[in-house]
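# Understanding the architecture of this molecule
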Amino acid sequence: PLFEEPKDGRRADVTYDDIGGLGDTVDQIREMVELPLRHPELFQRLGIDPPKGVLLHGPPGTGKTRLARAVANETEARFFHIAGPEIMGSRYGESEQRLREVFQEAAQNAPSIIFIDEIDSIAPKREQVTGEVERRIVAQLLTLMDGLEPRQNVVVIGATNRRDAIDEALRRPGRFDREIIIGVPDQPGRREILGIHTRGMPLAEDVDLDEVARTTYGFVGADLGALAREAAMDAVRRILPGVNLREGIPAEVLEGLSVRRDDFLSAMKRIQPSALREIMIQV
Ligand code: ATP
């Protein structure tokens, strides 16, 4: 979908507790986005304008989208999701019109967060742009951002893996003038993320998440999520030969089912860190 807006206007499922390994990044975004959306009076009192745009920058799968959703959810703001590459319309002027519509709806339903994923695809550096469409979209986005009034309570969050590919005009004051770097998690970060993704899993006693965290160098959140899911599927595959699926799974089998260290080890053989995948593709 071009932009999705869940019926109640939020995603009840994602909270700050669902994001691991980002350290004080969460506090940074709360200060930049949540505070002004919740307490515009603070900024009014001090006579300063809250940020209109925040740029999240970091490799794929590190939690940029999840973070933006969590802020929207925790702030009880509407969440409008624009997938950069998908907004490119085929008809003349279609993409700009869509952008205008999203901004308008966001303003009407404020407080709102407009999340533009892969913003580099809709706002690439203009000198590098060959297509007229991109040129017009960048111009439209700039106009819309300049037109946002602080009292409208709309914050735009852009996400990109390639900060340097973005039109510089977008990063001027009053536009995306705040930047948050979302890096690849370190070992304690990976441990935290693994904790989140195994929260609902029965783990066997031999599973040591610290060990998993140590041995997953280079894994980002999306990789760790995939690893936990794969390990769980291996646990399922382990019990399958012993059950007759047509008869349903006996309660004692279900109760005895847990994810073991071996399941993680075998899952590790299949899940590659996405950074490594990219390198392999490039080679
Ligand atoms: P992309 O740039 O590819 O859009 P992204 O940085 O927006 O990636 P998300 O879409 O937020 O990444 O993450 C994908 C999935 O990976 C999430 O739904 C979540 O399951 C997991 N994930 C990523 N980062 C984290 C994290 N920091 N903590 C917990 N889970 C994470």
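Everything numeric in this text was worked out from a predicted model, so none of it was measured.

Let's shift gears to the pattern of salt bridges. Evaluation of the coordinates by the stated rule reveals 16 salt bridges. Here glutamate 34 makes a salt bridge to arginine 38, at a shortest N to O gap of 3.0 Å. Taken together, the positions of glutamate 34 and arginine 38, both in helix H1 (residues 25-38) and four residues apart, correspond to about one turn of that helix. By relative accessible area, glutamate 34 is classed as buried at 6%. Judged by its relative accessible area of 40%, arginine 38 falls in the partly exposed class. A single salt-bridge network, built from bridges that share partners, covers Glu230, Asp234, Arg237 and Arg270.

Our next topic: the side chain of arginine 175. Here arginine 175 lies in the loop between strand E4 (154-160) and strand E5 (178-181). If near-sequence neighbours (up to four positions away) are discounted, arginine 175 is found in contact with Lys52, Gly53, Leu142, Met145, Asp146, Ala169 and Leu170.

Moving on, we get to the packing of aromatic side chains. The full count for this structure, using the stated rule, is one aromatic pair. An angle of 25° between the planes, with centres 5.9 Å apart, marks the rings of phenylalanine 79 and phenylalanine 115 as stacked. Placement of the pair is phenylalanine 79 in strand E2 (residues 78-83) and phenylalanine 115 in strand E3 (residues 112-117), with a sequence separation of 36 residues. Summarising the burial analysis for this pair, phenylalanine 79 and phenylalanine 115 share the class buried.

Conventions adopted
Residues numbered from 1 in each chain as written. Predicted model: local features only at pLDDT ≥ 70, side-chain atom pairs only at ≥ 80, totals over all residues. Heavy atoms only, no water. Salt bridge = Lys/Arg side-chain N within 4 Å of Asp/Glu carboxyl O. Helix = DSSP H or I, 4+ residues; strand = E, 2+ residues; numbered from the N terminus. Buried < 20%, exposed > 50% of the residue type's maximum accessible area, 1.4 Å probe, protein only. Contact = heavy atoms within 4.5 Å. Phe/Tyr/Trp six-rings, centres within 6.5 Å; stacked < 30°, edge-to-face > 60°.

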